[in-house]
Amino acid sequence: MSEIPSVEDVQKLLSRGLFHQWLGLNVVAVGDGTIELTATWREEWVVNPDRGYTHGGILATLVDLTADWAMVSKTGRGVPTVDLRVDYHRAAMPGGLTARGEIVHFGRQFSVAEAKVFDKEGRLLASGRGTYLTTPPA
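Residues numbered from 1 in each chain as written. Predicted model: local features only at pLDDT ≥ 70, side-chain atom pairs only at ≥ 80, totals over all residues. Heavy atoms only, no water.

What am I meant to see in the overall build of the protein chain here?
Along the backbone of the protein chain there are four helices and eight strands. The order of α-helices and β-strands along the protein chain, N terminus first, is α-α-β-β-β-β-α-α-β-β-β-β. The C-alpha atoms of the protein chain give 14 Å as radius of gyration, which agrees with the globular expectation for 138 residues (14 Å, within 12%). Based on the C-alpha atoms only, the size of the protein chain along its principal axes is roughly 50 × 30 × 25 Å. Here the protein chain, with 138 residues, has 41% of them falling under the buried criterion. (Helix = DSSP H or I, 4+ residues; strand = E, 2+ residues; numbered from the N terminus. Rg over C-alpha atoms; globule rule 2.2 N^0.38 Å. Buried < 20%, exposed > 50% of the residue type's maximum accessible area, 1.4 Å probe, protein only.)

In structure tokens, the structure reads:
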């Protein structure tokens, strides 16, 4: 792609996925190899009702899709995940989440991006790095 897609255009693409809708994803910013998203907290995310924290799978999902969608300025679309590594830094308590992703390496076939997920106070909850298949579609 020659120009960076608008926040609105990326939101339309991202919102086509029902899972993305369920996560309450909103595109905040799109840059050259970067993206910022927010996710609206849902009670269904809670894994431990006694403690009230969010399941790690939700955090891993946000790391994956944010790193994936950081590729949108280069590919114009989401891309398949080849490999993913997630580190958890603290429990995610109820409240909206913000995720920021950026491309580390963009290649003809495989690309690498990183993402970080923050709570409403800006504390780092999870981070990770993924490898994505960026070969143009056939």
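Moving on from the coordinates now.
Is there a simple way to explain the packing of aromatic side chains in this structure?
Here the structure, examined in full by the defined rule, presents one aromatic pair. Their ring planes at 10 degrees and their centres at 6.1 Å tell us that Phe-19 and Trp-22 sit as a pair that is stacked. In this pair, Phe-19 and Trp-22 both sit in helix α2 (residues 18–23), three residues apart, roughly one turn of the helix. We classify Trp-22 as partly exposed; its relative accessible area is 30%. Taking the ring centre of Phe-118 as reference, the NZ or CZ of Arg-100 above it sits at 4.7 Å. (Phe/Tyr/Trp six-rings, centres within 6.5 Å; stacked < 30°, edge-to-face > 60°. Lys NZ or Arg CZ within 6 Å of the ring centre and 35° of its normal.)

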